[in-house]
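# Summary of the model geometry
Here are the chains, one letter per residue:
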Amino acid sequence: MDIPAAYVALTEGSLRFLAISHERGHLIGGLLLYAMVAAWPLTRRHPALPFAVVALAELINESLQAAYYRSLRVDDTLADLVWTLAVPALLLALTQMIASGRAERGVVRPALG
């Protein structure tokens, strides 16, 4: 079984089924993955974990597409990275700013577990 071909067919078919553009798929996919990982209790101790998971998923996505097309397609890869990581990067920065503001005021939530 050709895994890159099956992956590209699945993703392209999903985009057609949902009637969304390639760019919007990256934006929504990155945001949904960030939100799902951010809901894990572990992220209280490691606030950058959701961003790292989204970045890793995007690297795997681009690697499978590069294997399928037998080319890195640099312009498409850079655009996909921006579309996927832009909102999660802003959310991570916002989370860090809020957390540092609470720590300065002495409002610290106790760690669970």
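Here's what I pulled together on the structure shown here. Residue numbering note: each chain is counted from 1, following its sequence as written. With the structure being a predicted model, the display of local features is reserved for residues of pLDDT at least 70 and the display and counting of side-chain atom pairs for 80 or more, all residues being used for whole-chain, interface and lining totals. To obtain the side-chain values, all non-hydrogen atoms of the structure were included, while hydrogens and water were left out.

## Examining the nonpolar core
Taken as a class, soluble globular proteins show a tendency for nonpolar side chains to be buried jointly. The criterion is simple. A nonpolar core is a set of buried Ala, Val, Leu, Ile, Met, Phe, Trp, Tyr and Cys residues joined through side-chain atoms within 4.5 Å. Note on exposure labels: buried denotes an accessible area under 20% of the residue type's maximum, exposed denotes more than 50%, and partly exposed covers the range between, all computed with a 1.4 Å probe on protein chains only. In terms of nonpolar packing, the biggest core is built from 5 residues, these being Tyr34, Val54, Ala55, Leu85 and Leu92. Each helix is a run of DSSP H or I of at least 4 residues and each strand a run of E of at least 2, with the numbering of both proceeding from the N terminus. When residues of this core are traced back to their parent elements, those giving at least two are helix 3 (49-69) and helix 4 (74-105).

## A closer look at the packing of helix 2 (residues 22-38) against helix 3
Think of two packed helices as two axes; the pair is described by the angle between the axes and how far apart they sit. It is the contact of helix 2 with helix 3, at a shortest axis distance of 8 Å, that shows an interaxial angle of 140°. Here helix 2 lies oblique to helix 3, going by the angle between them. The two elements helix 2 and helix 3 cross, and the hand of that crossing is right-handed. On helix 3, the residues that touch His22, His26, Gly30, Leu33, Tyr34, Val37 and Ala38 of helix 2 are Leu49, Pro50, Phe51, Val53, Val54, Ala57, Glu58, Asn61, Glu62 and Gln65. All amino acids are sorted into three groups, where Ala, Val, Leu, Ile, Met, Phe, Trp, Tyr, Cys and Pro are nonpolar, Asp, Glu, Lys and Arg are charged, and the leftover types, Gly among them, are polar. Counted by class, the contact of helix 2 with helix 3 contains 10 nonpolar, 5 polar and 2 charged residues. Interaxial angle, 0 to 180 degrees, is taken between N-to-C directions of lines fitted to C-alpha atoms, where a helix line uses only the stretch in contact. Here the angle decides the label: under 35 degrees means roughly parallel, over 145 means roughly antiparallel, 65 to 115 means roughly perpendicular, and every other value means oblique. Two helices crossing with the near one rotated counterclockwise from the far one by less than a right angle form a left-handed crossing, whereas a clockwise rotation gives a right-handed crossing. Between two residues, a contact is recorded if the distance between any of their heavy atoms is within 4.5 Å.

## As for the packing of helix 1 (residues 3-18) against helix 3
Two elements in contact, helix 1 and helix 3, have axes separated by 8 Å at closest approach and are oriented at 110°. The pairing of helix 1 with helix 3 is recorded here as roughly perpendicular in orientation. Judged by the sense of rotation from one axis to the other, the crossing of helix 1 with helix 3 is left-handed. Along its contact with helix 1, which presents Ile3, Pro4, Ala5, Tyr7 and Val8, the element helix 3 presents Asn61, Leu64, Gln65, Ala67, Tyr68 and Tyr69. Here the residues of the contact of helix 1 with helix 3 sort into 9 nonpolar, 2 polar and no charged.

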